[in-house]
Amino acid sequence: MAHQADGDDIDTEAAEGMDPLDADNEELAIRVMPKVEDQFTCVSCFRVRPRSELAAARNGDPVCTDCA
Ligand SMILES: [Zn+2]
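So, how was this worked out
- Residues numbered from 1 in each chain as written.
- Predicted model: local features only at pLDDT ≥ 70, side-chain atom pairs only at ≥ 80, totals over all residues.
- Heavy atoms only, no water.
- Helix = DSSP H or I, 4+ residues; strand = E, 2+ residues; numbered from the N terminus.
- Contact = heavy atoms within 4.5 Å.
- Donors = N, O, S within 2.8 Å, 3.2 Å for Na, K, Ca; no water.
- Buried < 20%, exposed > 50% of the residue type's maximum accessible area, 1.4 Å probe, protein only.
- Salt bridge = Lys/Arg side-chain N within 4 Å of Asp/Glu carboxyl O.

## As for the side chain of Arg49
Within the secondary structure, Arg49 sits in strand E2 (residues 48-50). If we ignore the near neighbours within four places in the chain, the residues touching Arg49 are Asp38, Gln39, Phe40, Cys64 and Asp66.

Okay, structure coming up:
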């Protein structure tokens, strides 16, 4: 098919142009740590736990079942 060769040419050019953008996106992803909604960080052991292990809140801060 004729369009196959054309597509290859366009793909190569687009990939080259996108390389710097990709690097930018990776840097942003590392800096902005998305907070996962069904997890919490225990204020006693400072480990990230699934919400099912949330035992109680100490002064409003979450505590896991191991530390409660
Ligand atoms: Zn804990």
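Additional details are given in the paragraphs that follow.
## Comments concerning the coordination of the zinc ion
The protein atoms donating to the zinc ion are Cys42 (SG), Cys45 (SG), Cys64 (SG) and Cys67 (SG), with metal-donor distances spanning 2.2 to 2.4 Å. Of note, the zinc ion draws all its donor residues from one chain, in the sequence arrangement C-x2-C-x18-C-x2-C. Note that Cys45 is positioned in the loop between strand E1 (39-41) and E2 and Cys67 in the segment after strand E4 (61-64), a separation of 22 residues in sequence. We classify Cys67 as partly exposed; its relative accessible area is 23%.

## A closer look at the environment of Arg47
By secondary structure assignment, the location of Arg47 is in the loop between E1 and E2. By relative accessible area, Arg47 is classed as exposed at 51%. Separated by 16 residues in sequence, Arg47 and Val63 place their C-alpha atoms 9.8 Å apart. Not counting residues within four places of it along the chain, the set of residues in contact with Arg47 comprises Phe40, Thr41 and Cys42.

## Notes on the pattern of salt bridges
All told, the structure shown has 2 salt bridges when counted by the stated rule. Of the charged contacts in the structure, one is a salt bridge between Arg49 and Glu53, with a shortest N-O distance of 3.0 Å. For Arg49, a relative accessible area of 9% corresponds to the buried category. Overall, the relative accessible area of 27% leaves Glu53 in the partly exposed class. The partner of Arg49 in a salt bridge is Asp66, with the nearest N and O atoms 3.1 Å apart. Of this pair, Arg49 sits in strand E2 while Asp66 sits in the segment after E4, and the two are 17 residues apart along the sequence. Several salt bridges share partner residues, and in doing so they unite Arg49, Glu53 and Asp66 into one network.

## A few points about unusual backbone geometry
In the Ramachandran plot, Phe46 falls in the positive-phi region, its phi being about 60° despite a non-glycine side chain. Structurally, the position occupied by Phe46 is in the loop between E1 and E2. A positive phi angle, close to 55°, is found at Asn59, a residue other than glycine. In this fold, Asn59 is placed in the loop between strand E3 (54-58) and E4. The exposure class of Asn59 is exposed, given its relative accessible area of 79%.

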